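Residue strings, one per chain:
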Amino acid sequence: MSGQTGVATIEVEVTYAGSRKGPWKQAYEPSAQLSKVRGDAMAHFEVADSTDASGNQIVYKLMHGGDTLNDLTKTVGAESGDKPHLELRLVRQVIAG
Amino acid sequence: MSEVQAELNLAKDLEQIQAIAAEAGWEVSSPDKLVVEVSVRSSVDGERYWLRFRCAGYPDQPPSIACFDKGAGSQQVRSAWPQCQGFRADNTWDLCLPLSVEGFNAHPAWRDDPKVRWNANGNPLLRSIEELQLLLNDATKYSGRLR
């Protein structure tokens, strides 16, 4: 079952290169969804999804390595692959002119 | 800002980029003190693109960004460019995005828009690379290599 791992909690570390703040860390149960991590990380780094002056949506996404995490219903446990630590990056989706 | 200060600022941020490059799947080199070259692989089709960042005035000024052919060293090679929103091959050979000096010159209003204006906080070069990686991973905005 998705989210079942051998660890009780998984330490998730999120970095955001657009902030002076250093990496943010929080322990989650393996069953926690990535949507929760994204929301918590965005609150920590004080960023929000928004719309620019031209009406384009600006959205923040999570990345793991070189991959974009589009399925935010996926669990932290499934994404970490049974490991007790997960490093993610928060990235703004840039809008072309 | 002096050129030496910009070089020092860039060197510090480059260290952080090199530390995460392997995990992110990037190749990183710096052939000159204010120039950084990074290869980024699209997760859509596995194609890899080399991006050259010219970082005068770093981090206060956005970099000049272009794709280039690693073998020829030239940015005026169509096959070095992706078909992707904001990437302008052929005539201008630049990126029209709120990440590059060319983008901000083409859209002066971006400089005053708090949602997209240049953000010199944190590690702006890393943020730019990550945002370009995200763009190349988006199948709704990227459709393969130019031929």
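Relevant structure appears above.
Residues numbered from 1 in each chain as written. Chains lettered and ligands numbered in written order. Predicted model: local features only at pLDDT ≥ 70, side-chain atom pairs only at ≥ 80, totals over all residues. Heavy atoms only, no water.

Caption draft 1: Highlighting the packing of helix α1 (residues 3-24) of chain B against helix α3 (residues 124-136) of chain B. Residues and elements named next belong to chain B. Where α1 meets α3, the axes come as close as 8 Å, and the angle between the chain directions of the two elements is 35°. Across the interface between the two elements, Leu10, Asp13, Gln16, Ile17, Ile20 and Ala24 of α1 pack against Pro124, Leu125, Leu126, Ile129, Glu130 and Gln133 of α3. Each residue belonging to the contact of α1 with α3 can be placed in one class, and the counts come to 8 nonpolar, 2 polar and 2 charged. (Axes fitted to C-alpha atoms, helices over the stretch in contact; angles between N-to-C directions. Helix = DSSP H or I, 4+ residues; strand = E, 2+ residues; numbered from the N terminus. Contact = heavy atoms within 4.5 Å. Nonpolar A, V, L, I, M, F, W, Y, C, P; charged D, E, K, R; others polar.)

Caption draft 2: Spotlight on the interface of chain A and chain B. On the side of chain B, 32 residues touch chain A, which itself brings 27 residues to the contact. Contact between chain A and chain B buries roughly 2300 Å² in total, counting both sides, with carbon and sulfur atoms accounting for 52%. In terms of surface lost to chain B, no three residues of chain A exceed A:Ala17, A:Arg92 and A:Val94, which account for 26% of the buried area on that side. The closest approach of N and O atoms between B:Glu130 and A:Arg89, which form a salt bridge, is 2.5 Å. Our count for the chain A to chain B interface comes out at 10 residue pairs in polar contact (both at pLDDT 80 or more). Tallying contributions element by element places strand β7 (residues 85-92) of chain A first for the side of chain A that touches chain B, with 5 residues. (Buried area = accessible area lost by both parts, 1.4 Å probe. Salt bridge = Lys/Arg side-chain N within 4 Å of Asp/Glu carboxyl O. Polar contact = N/O pair within 3.5 Å; in protein donor to acceptor, adjacent residues only side chain to side chain.)

Caption draft 3: Focus on the packing of aromatic side chains. Per the stated rule, a full pass over the model turns up 6 aromatic pairs over all chains. Taking the centre distance of 6.0 Å and the plane angle of 55° together, the rings of B:Trp50 and B:Phe68 count as tilted. One end of the pair, B:Trp50, is in strand β3 (residues 48-54); the other, B:Phe68, is in the loop between β4 (64-67) and β5 (82-84), and 18 residues separate them in sequence. Of the two residues, B:Trp50 and B:Phe68, neither departs from the other in class, the shared state being buried. Here the aromatic residues A:Tyr16, A:Phe45 and A:Tyr60 are joined through ring pairs into a cluster of three or more. Sitting over the face of the ring of B:Phe68, B:Arg52 holds its NZ or CZ atom 3.9 Å from the ring centroid. For the cation-ring pair, B:Lys70 lies above B:Trp50, with the distance from its terminal atom to the ring centre recorded as 4.2 Å. (Phe/Tyr/Trp six-rings, centres within 6.5 Å; stacked < 30°, edge-to-face > 60°. Buried < 20%, exposed > 50% of the residue type's maximum accessible area, 1.4 Å probe, protein only. Lys NZ or Arg CZ within 6 Å of the ring centre and 35° of its normal.)

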